[in-house]
Amino acid sequence: MKTKNIFKALALAMLMPAMLLTTACSSEDDAIVNNNETTAKKGYELPVTINVTRQGDATTRTTYTDNGNGTGSLAFSTGDKLFVGGRHNAIAGSIVGMLTWVSGGTFSGTITTKNEWTGTADELLAAANSDGTVYVTLLPAGYEPYGYFSIDEDGRVFKNDTYSFVSSKTAAVEQFSHETSYAYNNGFALSPENAILNFTITGLAASTPVDVSLKGGNYNITKTVTTDGDGNAVFATGIGQYEYLENFSLTVGGKAITLVSSSKRLDPGKIYNITRSAAPALTYPIALNEVTSDYVGSVITSDGYVYATVSDATAASKTAVAMICYVGDAGSADASTGSEAYKGLALALSDAGTGKWCSQHSVNCLTTQYNSGQQTNDMAGIANTDYLIDHDPDGHGHTAASVARNYSVARPTGTSAWFLPSAGQWDKMVNACKNVLGTNNNYTDLRDGFSARGGTNLLKDHYRTSTENTIRFAFRFDFSSGNNGNSDYKYLNSCVRPVFAF
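Not measured: the values here are computed from a predicted model. (Residues numbered from 1 in each chain as written. Predicted model: local features only at pLDDT ≥ 70, side-chain atom pairs only at ≥ 80, totals over all residues. Heavy atoms only, no water.)

Trainee: Would you take a moment to explain the pattern of salt bridges for this structure?
Mentor: Once their charged atoms are close, side chains differing in charge can pair, the charge on each being opposite to the other. This model, assessed by the stated rule, comprises 7 salt bridges. For the salt bridge of Arg497 with Asp351, the shortest nitrogen-to-oxygen distance reads 2.5 Å. One end of the pair, Arg497, is in the loop between strand S32 (493–496) and strand S33 (499–501); the other, Asp351, is in the loop between strand S27 (344–348) and strand S28 (353–356), and 146 residues separate them in sequence. Given a relative accessible area of 25%, Asp351 falls into the partly exposed group. Close ionic contact of Asp386 with Arg405 constitutes a salt bridge, the shortest N to O distance being 2.8 Å. Within this pair, whereas Asp386 is found in helix H6 (residues 381–390), its partner Arg405 is found in helix H7 (residues 399–405), the two being separated by 19 residues in sequence. (Salt bridge = Lys/Arg side-chain N within 4 Å of Asp/Glu carboxyl O. Helix = DSSP H or I, 4+ residues; strand = E, 2+ residues; numbered from the N terminus. Buried < 20%, exposed > 50% of the residue type's maximum accessible area, 1.4 Å probe, protein only.)

Trainee: So what exactly am I meant to see when it comes to the environment of Leu347 here?
Mentor: Secondary-structure assignment places Leu347 in strand S27. Measuring from C-alpha to C-alpha, the distance between Leu347 and Ala501 comes to 9.0 Å, with 154 residues separating the pair along the chain. Beyond its immediate stretch of four places on either side in the chain, Leu347 contacts Ala322, Met323, Cys325, Trp426, Met429, Phe450, Leu458, Arg497, Pro498 and Val499. (Contact = heavy atoms within 4.5 Å.)

Trainee: What am I meant to see in the pairing of strand S29 (residues 462–468) here?
Mentor: In terms of residue burial, S29 counts as a mostly covered element, since 6 of its 7 residues are buried. Both S29 and strand S30 (residues 473–478) contribute to a ladder of 4 bridges, which runs antiparallel. Residue Arg464 lies in a different strand from S30, and its bridge partner there is Arg476. Taking the residues that link successive antiparallel strands as the turn, the S29-S30 hairpin has 4 residues. (Pairing = 2+ DSSP bridges.)

Trainee: Can you walk me through the sheet that holds strand S14 (residues 194–202) in this structure?
Mentor: Each strand in a sheet pairs with another by means of backbone hydrogen bonds, the pair being arranged parallel or else antiparallel. Overall, mixed pairing links the 3 strands, which are arranged S17-S14-S22 in an open sheet. Each end of this open sheet is capped by a strand with a single partner; those strands are strand S17 (233–240) and strand S22 (271–277). On average, each strand axis in the sheet is tilted by 20° relative to the strand beside it, whichever way the strands run. Relative to S22, S14 runs parallel, the two sharing 7 bridges. Within S22, the position partnered with Leu197 by the bridge is Tyr272. (Axes fitted to C-alpha atoms, helices over the stretch in contact; angles between N-to-C directions.)

None of the figures reported here should be taken as evidence of function without further support.
Below, the structure is given as structure tokens:
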């Protein structure tokens, strides 16, 4: 059977029945358009009002109150729709229509048969139920049913078993209900088809899109959800009946979330509210070589351990020397020859002073220069600093590199020397610290985040990078605007905040 996603084939048609349903006097030449394909269709409209009741466990629509047995309350509401489909084998052929909720469990609208039917809609549905098939599925208001229904070339609607996210739990989160038995003069009694998993994930960056992935059995559901101002991701999805929660894995924003520690069956007609935290439970102190990206914002002590703040380190009689501003895979922190193992960058807790990139302003000093827009590709801060210090012909005066290298604070064993970070390394640190050291989701989180950990905030000023632009200019990071693309005259003094790699 050739099928098409209903919201590709019928999104507008279902909302505008005239586009789908021909009039009672339609000719055999009338046609409908599905996916830009013209399909011949002879249709006869029948007005119908159907009583609908809901069977099984009562459930909730948009809010949930735990009353001790995992249920709440359900009511039909404006915007609910009832898809009617089926087949009368002997006379009417295919049957299709969409009815809207009126009041008190009554749905009203029109259905269309492929062949002319001279009786009432109630008689048609009752006859189809005994002589063919007829079914309905409730589509709650506000729910986007991607993947729930397909339509064939004859205009018949078919339910399938793929499921999709709703936009949020305030958008009519509800179980789909389905019925294949029509009772003459009494309509349909709907039975729940699926459970709802209603997620609230805390501990994420505020007002930021995060990727969500729920996998288990035949399900592979993905969604991008924007967190609220408190860093909570709220979303829901339907899951087929009698699945088990322990068979599913959830990943939010790249973090694996533990769903359940014991067996939990997902019964149809019930909502399961699941609140979990994506914030890691960090252990302090921890050895520097054991940290992950979750430790960005923590401070490093001179003996190679990591604490939450300078105060915590001081209370343990340790000397804090730097703050972790980036952690990635081995080799990602610096591209200099011989530093392939470095995975992290630690920025000094205070400025080392100011310095000139070069006292001269008409000479290239490094072997590689970067055009504007390419500067963040430079991840070789260690090699840049070494070269500027070791190759200083004619007294070029690379004082910024020297100020960074000569920073007098002791470093842990096994780390690199202090160096002047490249433009790419500044970029890595700023992006890793977004919403970790603050809530602005930009460069100010790094700039203003040191004081909360016990260090000295970066100035609203230009900071030197070790990345060269032209014979006259070198790149800077501007903490008054967050611009990493501007270059500055080499001979001007600018702020220096040294970094070491680990």
